[in-house]
Amino acid sequence: FSLSFLFLFSTHLFTQEVEEVVVTATKKSESIQDIALSIEAFTADSVAENMIEDMSDLAEVVPGLIMDKGIGSGASYSMRGTGSYGVGAAVIGAIVTASNGHNYNSSSIADVGFYDVERIEVLKGPQGTKFGRNAVAGVINMISARPTSSFEGSYDIELGNFATTQFNGHINIPISDSIRTRLAVVSKKRDGTTHNIN
């Protein structure tokens, strides 16, 4: 009995595979297993599986990342207990938020959400000036899906409570061998949670 159990257990160990994730955290494409960084990367499939729609959802699945929304628009971030807690035009955040490797306004990216992304990279700890300015506590980099050589598209409609309607769609159009274009659209509407009787 114990010999057969050992055989099944060892066979199961050999059949497990680790998915290779290629990231551009060092400004070149490398496997996540080959770089000496504390990094968490989410592919488009894992973004969908974990239902990561915006920065607040990302903070739920990345240990050590905290994101707090300000009143109206604006957000503050902290990583591993360090961050900039003020929200405003004069506040320089300790965490750099980037889109396709370029520094992006941290308050705006909190409101945009993630759609039609190839992957999301979360780099923990100081990252120097690779993303446009000094990143004291870390970097959150959103990489958009790139146009491909095939004509394709998809759409998704979601309905929910409080008259929530969300439409996601993208279309990929290859114009020639060297010119490609991709258009992605997302629209989300929802009623408020209170009713003004006046």
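This text follows the structure it describes.
Report follows, based on the coordinates.

Cut-offs used in this document
Sequence order as written defines the numbering, with residues in each chain counted from 1. In view of the model being predicted, local features appear only for residues whose pLDDT reaches at least 70, and side-chain atom pairs are presented and counted only at 80 or more, with totals across whole chains, interfaces and linings using the full set of residues. In computing side-chain properties, one takes all heavy atoms of the structure into account and sets aside hydrogens as well as water. DSSP calls a pair of strands paired once it identifies at least 2 bridges connecting them. Numbering of helices and strands runs from the N terminus, with a helix taken as a DSSP run of H or I at least four residues long and a strand as a DSSP run of E at least two residues long. Angles shown run from 0 to 180 degrees and are taken between the N-to-C directions of axes, each axis being a line fitted to C-alpha atoms and, for helices, limited to the stretch in contact. Definition used for salt bridges: Asp or Glu carboxyl oxygen within 4 Å of a side-chain nitrogen of Lys or Arg. Each residue is assigned to one of three classes by its accessible area relative to the maximum for its type, calculated with a 1.4 Å probe on protein chains only: buried under 20%, partly exposed between the two thresholds, exposed over 50%. Residues grouped as a nonpolar core are buried Ala, Val, Leu, Ile, Met, Phe, Trp, Tyr and Cys residues, joined through side-chain atoms within 4.5 Å.

A separate point is the sheet that holds strand E11 (residues 152-160). The antiparallel open sheet is built from three strands, whose spatial order is E11-E12-E13. Lying at the two open borders of the sheet, with one neighbouring strand each, are E11 and strand E13 (180-189). With direction set aside, neighbouring strand axes in the sheet form an average angle of 5°. Bridge analysis of E11 against strand E12 (residues 164-174) gives nine bridges, and the strand direction is antiparallel. Paired with Leu159 across the strands is Thr165, a residue of E12.

One pass over the structure, following the stated rule, counts five salt bridges. The shortest N-O distance in the salt bridge between Lys124 and Glu40 comes to 3.2 Å. Of this pair, Lys124 sits in strand E9 (residues 117-124) while Glu40 sits in strand E3 (residues 39-43), and the two are 84 residues apart along the sequence. For Lys124, a relative accessible area of 12% puts it in the buried group. Notably, a salt bridge pairs Lys188 with Glu53, separated by 3.6 Å at the nearest N-O pair. With Lys188 in strand E13 and Glu53 in the loop between helix H2 (44-49) and helix H3 (55-61), the pair connects residues that are 135 residues apart, well separated along the chain.

Among the nonpolar cores identified, the biggest contains 23 residues, and Met55, Leu58, Leu65, Tyr77, Phe114 and Ile140 are the most heavily contacted of them. Those elements that provide at least two residues to this core are H3, strand E4 (65-69), strand E5 (75-79), helix H4 (106-112), E9 and strand E10 (138-144).

Nothing here speaks to function; it is all geometry.
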